[in-house]
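Residue strings, one per chain:
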Amino acid sequence: MKKQSKSIYLDVKQPIEKRVKDLLRKMTLEEKIKQLCAIESHNILENGKFSFEKSKTAIGKGVGEISAI
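Here we summarise the structure given alongside this text. Remember, it's a predicted structure, so these values are computed and weren't measured experimentally. (Residues numbered from 1 in each chain as written. Predicted model: local features only at pLDDT ≥ 70, side-chain atom pairs only at ≥ 80, totals over all residues. Heavy atoms only, no water.)

**What about the overall build of the protein?**
Here comes step 1: Looking only at helices and strands, the protein has three helices and four strands in total.
Here comes step 2: Helices (α) and strands (β) of the protein occur, in sequence order from the N terminus, as α-α-β-β-β-α-β.
Here comes step 3: Over its C-alpha trace the protein gives a radius of gyration of 16 Å, far above what one expects of a compact globule, namely 11 Å for 69 residues.
Here comes step 4: Reported as C-alpha extents along the three principal axes, the dimensions of the protein are approximately 50 × 30 × 20 Å.
Here comes step 5: Residues counted as buried form 17% of the 69 residues belonging to the protein.
Here comes step 6: When the accessible surface of the protein is split by element, carbon and sulfur atoms take 57% of a total near 6100 Å². (Helix = DSSP H or I, 4+ residues; strand = E, 2+ residues; numbered from the N terminus. Rg over C-alpha atoms; globule rule 2.2 N^0.38 Å. Buried < 20%, exposed > 50% of the residue type's maximum accessible area, 1.4 Å probe, protein only. Areas by Shrake-Rupley, 256 points an atom, 1.4 Å probe, with all protein chains shown as cover.)

Next up, the structure:
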């Protein structure tokens, strides 16, 4: 049985440039675009606490930043 190796981007012993290149190669265009998006924290909170249901709608398939405004 072949030993399963972890992705280069997860290997902290690898140089940053190599890890970033590996991660970007594996990301879809949609995932890359989502990294440019931000949402405000109130969009994922309910009564001051994190809401999984609200986050599914607000975040969808990804977000680059959650701002504290």
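**So, unusual backbone geometry**
Here comes step 1: In this model, Asn47 sits at a positive phi of 55°, which is unusual for a non-glycine residue.
Here comes step 2: Tracing the sequence through the fold places Asn47 in the loop between strand 2 (45-46) and strand 3 (49-50).

**Remarks on the environment of Lys21**
Here comes step 1: With respect to the helices, strands and loops of the structure, Lys21 is situated in helix 1 (residues 16-26).
Here comes step 2: Residue Lys21 is classed as exposed on the basis of its relative accessible area, which comes to 64%.
Here comes step 3: Distance from Lys21 to Val63, taken between C-alpha atoms, is 20 Å for residues 42 residues apart in sequence.

**With respect to the pattern of salt bridges**
A side chain of one charge can pair with a side chain of the opposite charge when the charged atoms of the two come close.
Here comes step 1: What the rule picks out here adds up to three salt bridges.
Here comes step 2: Residue Asp22 pairs with Lys26 through a salt bridge whose shortest N-O separation is 3.4 Å. With Asp22 and Lys26 both in helix 1, this residue pair falls four residues apart, about one helical turn.
Here comes step 3: Residue class for Lys26 comes out partly exposed when judged on its relative accessible area of 40%.
Here comes step 4: Here Glu53 and Lys56 are joined by a salt bridge, their closest N and O atoms 3.3 Å apart. One end of the pair, Glu53, and the other, Lys56, are both in helix 3 (residues 52-59), three residues apart, so they sit about a helical turn from each other. (Salt bridge = Lys/Arg side-chain N within 4 Å of Asp/Glu carboxyl O.)

**Concerning a nonpolar patch on the surface**
Here comes step 1: Judged by side-chain polarity, Ile16, Val20 and Leu24 come together as a nonpolar surface patch covering roughly 270 Å² of accessible area.
Here comes step 2: Mapping Val20 onto the fold places it in helix 1. (Patch = residues over 30% accessible without salt bridge, like charges linked within 9 Å, V, L, I, M, F, W, Y side chains within 5 Å.)

In short, the description is geometric, and any link to function would need to be established separately.
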